[in-house]
Amino acid sequence: MIATVADIAALVQGRVIGDETTPITGFSGIREAQPGDLTFLADSRYERFLQNTPAAAVLVRPEISQASCPIIQVDNPYDAFLRVVMQFCPSLSPLSPGIHPSAIIGNNVKLGDNVTVGAHAYIGDNSVIGDRTVIYPNVFIGANCNVGTNSIIYSNVSIREHVEIGARCIIHCGAVIGSDGFGFAFRNGKHEKIPQVGTVIIGDDVEIGANTTIDRATFGKTVIGTGTKIDNLVQIGHNTVIGKHCIVCGNVGISGSAILGDYVTVAAGAGVAGHLEVGAQSTIAALSGVTKSLPPKSIVSGFPAVDHEMEKRMKASLRRLPEALKTIRSLEKRIVELETLLHARETENHR
Amino acid sequence: MIATVADIAALVQGRVIGDETTPITGFSGIREAQPGDLTFLADSRYERFLQNTPAAAVLVRPEISQASCPIIQVDNPYDAFLRVVMQFCPSLSPLSPGIHPSAIIGNNVKLGDNVTVGAHAYIGDNSVIGDRTVIYPNVFIGANCNVGTNSIIYSNVSIREHVEIGARCIIHCGAVIGSDGFGFAFRNGKHEKIPQVGTVIIGDDVEIGANTTIDRATFGKTVIGTGTKIDNLVQIGHNTVIGKHCIVCGNVGISGSAILGDYVTVAAGAGVAGHLEVGAQSTIAALSGVTKSLPPKSIVSGFPAVDHEMEKRMKASLRRLPEALKTIRSLEKRIVELETLLHARETENHR
Amino acid sequence: MIATVADIAALVQGRVIGDETTPITGFSGIREAQPGDLTFLADSRYERFLQNTPAAAVLVRPEISQASCPIIQVDNPYDAFLRVVMQFCPSLSPLSPGIHPSAIIGNNVKLGDNVTVGAHAYIGDNSVIGDRTVIYPNVFIGANCNVGTNSIIYSNVSIREHVEIGARCIIHCGAVIGSDGFGFAFRNGKHEKIPQVGTVIIGDDVEIGANTTIDRATFGKTVIGTGTKIDNLVQIGHNTVIGKHCIVCGNVGISGSAILGDYVTVAAGAGVAGHLEVGAQSTIAALSGVTKSLPPKSIVSGFPAVDHEMEKRMKASLRRLPEALKTIRSLEKRIVELETLLHARETENHR
């Protein structure tokens, strides 16, 4: 048992209708609820599930007064549900604390208090790992890196040399931070490598998704702002600066030297060209291709990305185009008939 | 030598014309065939290669009776060729059997019979590995996982805690199974992490491509059905359910809470939005973007994805649009002329 | 200090105006220059930065004779800057030389002179590693591989068995070379795996990006030509042949059995279908989808990819389409009026 309905209600300051001693053993959305689950009704479209749900209890809005199980009335069921999960959810089998004997710790490495370093992890010379940070097995951290406190670096992550990561960050399995930017000078029929000697700076409270790649800058810094969350299989090009509290969804590619303001959202699969600026609070729709700078609060879609309303109009027009082409042909016929008729009349009148 | 032409013919019950003692030392498509290769003719467009192929022998249909080398007549040359390759191909340097001394095996881990665990692999507490499964070096398997029999987990794979993988599965290098879903609640100007405490269930006979990422569910399960094959660099979002015997090609992104029925094909680079259902036996074309639920046996393309025939019509119309715009302008001119003429006549007639 | 202005000028054969003893401690683009940095002016749009740059010195063209800091006049400032960086840039914390005791070296492995093998790296039986090649921690190299001289294999890379990599190659973190091609035969309602027993051949001077995946051929070879540079998160399908000195940008997907000629550029996010040929020196624009073979020197964009000029025309037309649909409707009205008028006249005339 995780908690009773009474415990839950106390945490969220909700009002219980039904047996408050009911035990809760899990959490679920309302359509997938199983016996013992706490669930919630936030979407009125799912109200019908209330009458025969196997759930142990449901968080509901005050207007709901009855279900096939105990209910807890709160102003915002979804918010309350999240608060409960964050509070009561058992940790997912954390790594054993301590420094695994097989871990390779370089020279002059500073490990903070209660740092966990997993089996076969590698931390390069001079690197600094903050208090309570957890490094999973098979992680590679190069020399002269700095990882803040309370961060989690999951397995098989590679953090190249001279990279800085903030506090309370989560770097998911397989991510690569600080790989060389993609830079070449074409000379004598060959692509000559431009040394990528810059770095990557990741702020606090950043989450980087699995197998995502963030390139180091050519000379300066690639920056990911505090509070930004990046999903899986995302590519961030060298010298790009991403603001604070941005959301970058899966499979996105952001070319080098792009600047994203704070609170920008880039939806799944979109591409952002380089050397441009996306204004704060802009939203880039899924599968778009941004090719020009955007002012703040832009909402764009399509490729090349334009104002979303304009793109919808163009797409709607495109659906009507096959028919319109037929109409043009028929109008042309009708004009020919009119011209013929008028010409015949002209001739007639001139006799 | 792998086999003689006679051996091959016996396996596929084919009829030999030519020297059946000819040794076979390799396999190839007919255009790339080298001396010693067994090859096949399945596509009549390549018939011309028969007369001067360096191959040692060719599998052909019964209508073909002659080539520059021995032939083996069978009803289906391609099928026969596959059967031969699957039978005679030497194993690709398998890992040495046994548990490598450098592998880290957690507490209460159950390893089945003849399990191979490579150097520096890590298996977390309570995990179960089925008979004859092979785990390559540098693999991370978290706690409380269950991997079925006869599976192969290639190098640098990360399988997070509480994940279940079936029998006869192949997980390719660098794949990540069970990373956190991408879930946040926006509160007080920040994206607060929603704990992702669900799991991933992968059925039997599933193949997951290199560097592909499959996120764990928020509360329930992300499911990959039996017999489904997923290519490289694919992202599967949390809570998605993929049916049986599906094909998901490279660079595809499937957002969270999508449901794909059995025998769905998603071609390369396509995107599928979340919270929708793709009916069984549907085909999603390359680079499409599916934004709505689809009935079974749908064939869609484009973005937003529509019936493929409709998309082809729209694309064909778009190619004709530049010309059509000119036509509209010229029609407008002709209408003005007609209106002018008629107006002049009207005036005339009224004098 | 890295060098003085005099040292720099000597290297690039430039003419100094100003204090040639000025020390240089870093490198930067002109807009981001900090005190101590050497920078350059290659783009006349940035000339205004010359008058108040904090940089220590600027490489300029001979027409520029004055700035707020010492200048070095050269014919090509950008080229000269690159030459300086390549010459003077400190190495980025190289790995300690030697074979780490925790590395697993298989039977009959041949390590060249001055090879570096990092902690927990694994090199399979019979593999050959060329002189001065550096293998980072947690790398997996399978059996029967051959890596040339002076190459760098970064951390967490997987190189499957029977793969060949040339000299002076750089394989970035997490890349996978030689994973199984995606090949299945559909029989009896299931996708049966076609063994992928071919190989991958990577030429000299190739760079493969982070988390990029290159599949082995079914029977023959997947080939990456000498001098080709591939960015991050790229998928190269089995049996594909990429020519020399190609550029493949991030998030690109190239399906199996494609052939790219020499000097082909594939921009970010594009897709190339299989079983086709892209002629040498072609350029494929970002986010395109190439579905047909292309002659040499093609410049294509869109999906399906067509000549770039044609695609621009179609896109420009599409922007005008909403207005054009309205025009068609109004033309139709005007034609109806003309027809009505003429018909009335006809009737009148016949009385």
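Thresholds, definitions, all that
Residues numbered from 1 in each chain as written. Chains lettered and ligands numbered in written order. Predicted model: local features only at pLDDT ≥ 70, side-chain atom pairs only at ≥ 80, totals over all residues. Heavy atoms only, no water. Helix = DSSP H or I, 4+ residues; strand = E, 2+ residues; numbered from the N terminus. Rg over C-alpha atoms; globule rule 2.2 N^0.38 Å. Buried < 20%, exposed > 50% of the residue type's maximum accessible area, 1.4 Å probe, protein only. Areas by Shrake-Rupley, 256 points an atom, 1.4 Å probe, with all protein chains shown as cover. Lys, Arg positive; Asp, Glu negative; His and termini not counted. Charge placed at Lys NZ, Arg CZ, Asp CG, Glu CD. Salt bridge = Lys/Arg side-chain N within 4 Å of Asp/Glu carboxyl O. Arc of directions from axis to C-beta. Least-squares fit on C-alpha atoms with pLDDT ≥ 70 in both. Pairing = 2+ DSSP bridges. Contact = heavy atoms within 4.5 Å. Axes fitted to C-alpha atoms, helices over the stretch in contact; angles between N-to-C directions. Buried area = accessible area lost by both parts, 1.4 Å probe. Parallel < 35°, antiparallel > 145°, perpendicular 65-115°, else oblique. Left-handed = near helix turned anticlockwise from the far one by under 90°. Nonpolar A, V, L, I, M, F, W, Y, C, P; charged D, E, K, R; others polar. Phe/Tyr/Trp six-rings, centres within 6.5 Å; stacked < 30°, edge-to-face > 60°. pLDDT = per-residue confidence, 0-100. Polar contact = N/O pair within 3.5 Å; in protein donor to acceptor, adjacent residues only side chain to side chain. Domains from an automatic or database assignment. Expected span 1.5 Å × (residues − 1).

Chemist: Even after reading the chapter, I still don't get the overall build of chain A, so can you show me in this structure?
Modeler: For chain A, the count of helices and strands is three helices and 39 strands. Relative to the compact-globule value of 20 Å for 351 residues, chain A shows a C-alpha radius of gyration of 29 Å, a clear excess of over 25%. The dimensions of chain A, computed from C-alpha atoms along their principal axes, are 110 × 75 × 30 Å. Evaluated residue by residue, chain A yields a buried proportion of 56% over its 351 residues. Of the roughly 13900 Å² of accessible surface on chain A, a fraction of 51% belongs to carbon and sulfur atoms. Considering chain A, the positive charge centre built from 30 side chains and the negative charge centre built from 33 side chains are found 8 Å apart.

Chemist: Where do I start with the pattern of salt bridges in this structure?
Modeler: Close approach of charged atoms lets side chains of opposite charge pair. All names here are of chain B. In total, this model carries 43 salt bridges over all chains according to the counting rule given. The salt bridge involving Asp 205 is made with Arg 168; its shortest N-O contact spans 2.8 Å. Taken together, the residues span a long stretch of sequence, with Asp 205 in the loop between β23 (199–202) and β24 (207–208) and Arg 168 in the loop between β18 (163–165) and β19 (170–171) at a distance of 37 residues. For Asp 205, a relative accessible area of 24% puts it in the partly exposed group. With a relative accessible area of 41%, Arg 168 lands in the partly exposed category.

Chemist: Even after reading the chapter, I still don't get helix α1 (residues 5–12) of chain B, so can you show me in this structure?
Modeler: Each α-helix winds once per 3.6 residues, and so residues spaced three or four apart point in a common direction. Residue and element names in this part refer to chain B. Restricting attention to buried positions, one finds in α1 the residues Val 5, Ile 8, Ala 9 and Val 12. Looking straight down α1, one finds that the buried residues subtend no more than 95 degrees of arc, so they occupy a single side. Following α1 by one or two positions, Gln 13 adopts a phi angle in the positive range, close to 55 degrees.

Chemist: Can you walk me through the relation of the copies chain B and chain A in this structure?
Modeler: In this arrangement, two copies of a chain are superimposed by a rotation about an axis accompanied by a shift along the axis. Mapping chain B onto chain A is achieved by rotating through 120 degrees and translating by 0.0 Å along the same axis, at an RMSD of 0.1 Å. The symmetry that links the two subunits is that of a three-fold axis.

Chemist: What exactly am I supposed to notice about the sheet that holds strand β5 (residues 37–40) of chain A here?
Modeler: Where strands meet in a sheet, backbone hydrogen bonds hold them as pairs that are either parallel or antiparallel. Residues and elements named next belong to chain A. Strand order in the open sheet made by the five strands is β2-β7-β6-β5-β4, with mixed pairing throughout. The open sheet has two free edges, formed respectively by β2 (15–17) and β4 (26–27), since each of these has just one partner strand. Bridge count for β2 against strand β7 (residues 71–73) is three bridges, and the pairing is antiparallel. Paired with Val 16 across the bridge in β7 is Ile 72. Relative to the sheet, helix α1 (residues 5–12) contacts β2, β5, β6 (57–60) and β7, its axis offset from that of β7 by approximately 10 degrees. The strands touched by helix α2 (residues 77–88) within the sheet are β4, β5 and β6, with β5 carrying the most contacts at an inclination of about 150 degrees.

Chemist: Before we go on, may I ask you to explain the interface of chain B and chain A in this structure?
Modeler: Size of an interface: often given as the accessible area lost when the parts come together. Taken together, the contact pairs 67 residues of chain B with 61 residues of chain A. Carbon and sulfur atoms supply 66% of the area buried between chain B and chain A, which totals about 5300 Å² over both sides. When the buried surface of chain B facing chain A is broken down by residue, Phe182(B), His191(B) and Phe219(B) rank first, second and third, together holding 13% of it. Viewed at the interface, chain A and chain B are joined by four salt bridges. Residue Glu207(A) pairs with Lys193(B) through a salt bridge whose shortest N-O separation is 2.7 Å.

Chemist: Can you help me understand the packing of helix α1 (residues 5–12) of chain C against helix α2 (residues 77–88) of chain C in this one?
Modeler: In a packed pair of helices, the relevant descriptors are the angle between the two axes and the axis-to-axis distance. All names here are of chain C. Interaxial distance between α1 and α2 falls to 10 Å at its minimum, and their mutual angle equals 115 degrees. On the basis of their axis angle, the class for α1 and α2 is roughly perpendicular. In this structure, the crossing between α1 and α2 has a hand that is right-handed. Counted together, Asp 7, Ile 8, Leu 11 and Val 12 of α1 and Ala 80, Arg 83, Val 84, Gln 87 and Phe 88 of α2 form the full contact between these two elements. Within the contact of α1 with α2, the residues separate by chemical class into six nonpolar, one polar and two charged.

Chemist: How should the environment of Leu287(C) be read in this particular structure?
Modeler: On the secondary structure map, Leu287(C) appears in the loop between β36 (283–284) and β37 (289–290). The exposure class assigned to Leu287(C) is partly exposed, which follows from its relative accessible area of 29%. Distance from Leu287(C) to Gly261(C), taken between C-alpha atoms, is 20 Å for residues 26 residues apart in sequence. The residues touching Leu287(C), leaving out its near neighbours within four places in the chain, are Ser288(A), Gly289(A), Phe303(A), Ala268(C), Gly269(C) and Ala270(C).

Chemist: I would appreciate a short explanation of the interface of chain C and chain A in the present structure.
Modeler: Listed as interface residues are 60 residues of chain C and, on the opposing side, 67 residues of chain A. For the pair chain C and chain A, the two sides together bury roughly 5300 Å², of which 66% comes from carbon and sulfur. Counting across the interface, chain C meets chain A through four salt bridges. Residue Asp79(C) is joined to Arg187(A) by a salt bridge in which the shortest nitrogen-to-oxygen separation is 3.7 Å.

Chemist: Got a minute to help me understand the packing of aromatic side chains in this structure?
Modeler: Think of a pair of aromatic rings as described by two things: how far the centres are apart, and how the planes are tilted against each other in angle. All names here are of chain A. Taken as a whole and judged by the stated rule, the model has 30 aromatic pairs over all chains. Measuring from centroid to centroid gives 5.1 Å for Tyr 122 and Phe 140, while their planes differ by 10 degrees, and the two rings are stacked. With Tyr 122 in strand β11 (residues 122–123) and Phe 140 in strand β14 (residues 140–141), this residue pair connects regions lying 18 residues apart in the sequence. For Phe 140, a relative accessible area of 2% gives the class buried.

Chemist: Just to check I follow, could you spell out the side chain of Asn232(C) for this structure?
Modeler: Within the secondary structure, Asn232(C) sits in the loop between β27 (229–230) and β28 (235–236). Leave out the neighbours within four places in its chain, and Asn232(C) touches Ser179(A), Thr213(A), Asp215(A), Gln235(A), Gly209(C), Ala210(C), Thr212(C), Gly250(C) and Asn251(C).

Chemist: Please explain the sheet that holds strand β13 (residues 134–135) of chain B as it appears in this structure.
Modeler: Residues and elements named next belong to chain B. Sheet architecture is open: eleven strands sit in the order β10-β13-β16-β19-β24-β27-β30-β33-β36-β38-β39, paired in mixed fashion. The open sheet has two free edges, formed respectively by β10 (116–117) and β39 (306–307), since each of these has just one partner strand. Looking at chain direction, strand β36 (residues 283–284) and strand β38 (residues 299–301) are connected through two bridges and run parallel. For Thr 283, the partnering residue across the bridge sits in β38 and is Ile 299.

Chemist: Help me out: how do you make sense of the confidence of the model for chain A in this one?
Modeler: Low pLDDT marks stretches whose predicted atomic positions should not be read closely. Looking at chain A, the pLDDT average stands at 94 and 99% of residues meet or exceed 70. Prediction confidence for the complex, expressed as pTM and ipTM, is 0.91 and 0.89 respectively.

Chemist: Whenever I open this one, the pairing of strand β26 (residues 221–224) of chain B confuses me. Can you help?
Modeler: Taken residue by residue, a regular strand's side chains alternate between the two faces of the sheet. Residue and element names in this part refer to chain B. A one-sided burial pattern is seen for β26, the buried positions being Thr 222 and Ile 224 and the unburied ones Lys 221 and Val 223. The pairing of β23 with β26 spans four bridges and is classified as parallel. What sits directly across from Val 200, in β26, is Thr 222. Direction of pairing for β26 relative to strand β29 (residues 241–242): parallel, over a ladder of two bridges. Residue pairing for β29: Ile 224 is matched across the bridge by Ile 242.

Chemist: It is not clear to me how the side chain of Ser102(A) should be interpreted in this structure. Could you clarify?
Modeler: Looking at the element boundaries, Ser102(A) is found in the loop between α2 and β8 (104–105). Within the structure, Ser102(A) has its side chain in polar contact with the side chain of His100(A) (distance 2.8 Å). With residues near it in sequence (within four places) discarded, Ser102(A) still touches Ala119(A), His120(A) and His120(C).

Chemist: What's the story with the environment of Ala185(C) in this structure? I'm lost.
Modeler: With respect to the helices and strands, the residue Ala185(C) is situated in strand β21 (residues 184–187). Taking the C-alpha atoms as reference points, Ala185(C) and Val336(C), 151 residues apart in sequence, are found 60 Å from one another. Residues within four places of Ala185(C) in sequence aside, it is in contact with Leu82(B), Lys190(C), His191(C), Glu192(C) and Ile194(C).

Chemist: Looking at this model, I keep getting lost on the domain arrangement of chain A. Mind explaining?
Modeler: When its domains are assigned, chain A resolves into domain 1 (3–88), domain 2 (157–307) and domain 3 (320–351). Summarising the inter-unit geometry, the C-alpha centres of domain 1 of chain A and domain 2 of chain A are found 40 Å apart.

Chemist: Can you help me understand helix α2 (residues 77–88) of chain B in this one?
Modeler: Its twelve residues place the ends of α2(B) 16 Å apart at the C-alpha level, agreeing with the 16 Å of an ideal helix rising 1.5 Å per residue. Buried within α2(B) we find Pro77(B), Ala80(B), Phe81(B), Leu82(B), Val84(B) and Val85(B). Next to the buried residues of α2(B) lie α1, β4 (26–27), β5 (37–40) and β6 (57–60) of chain B together with β21 of chain C.

Chemist: What is the right way to look at unusual backbone geometry in this model?
Modeler: With the exception of glycine, most residues fall at negative phi, and the peptide bonds are largely trans. The step from Phe303(B) to Pro304(B) runs through a cis peptide bond, and the omega angle for that step is 0 degrees. Along the chain, the position of Pro304(B) falls in the loop between β38 and β39. Of note in the backbone geometry, Asn156(A) takes a positive phi value of approximately 60 degrees without being a glycine. Summarising the element assignment, Asn156(A) is placed in the loop between β16 (152–153) and β17 (158–159). For Asn156(A), a relative accessible area of 4% gives the class buried. Not every positive phi belongs to a glycine, and Gln281(B) is a case in point at roughly 65 degrees. Relative to the elements of secondary structure, Gln281(B) occurs in the loop between β35 (277–278) and β36. On the basis of relative accessibility, which here comes to 46%, the residue Gln281(B) falls in the partly exposed class.

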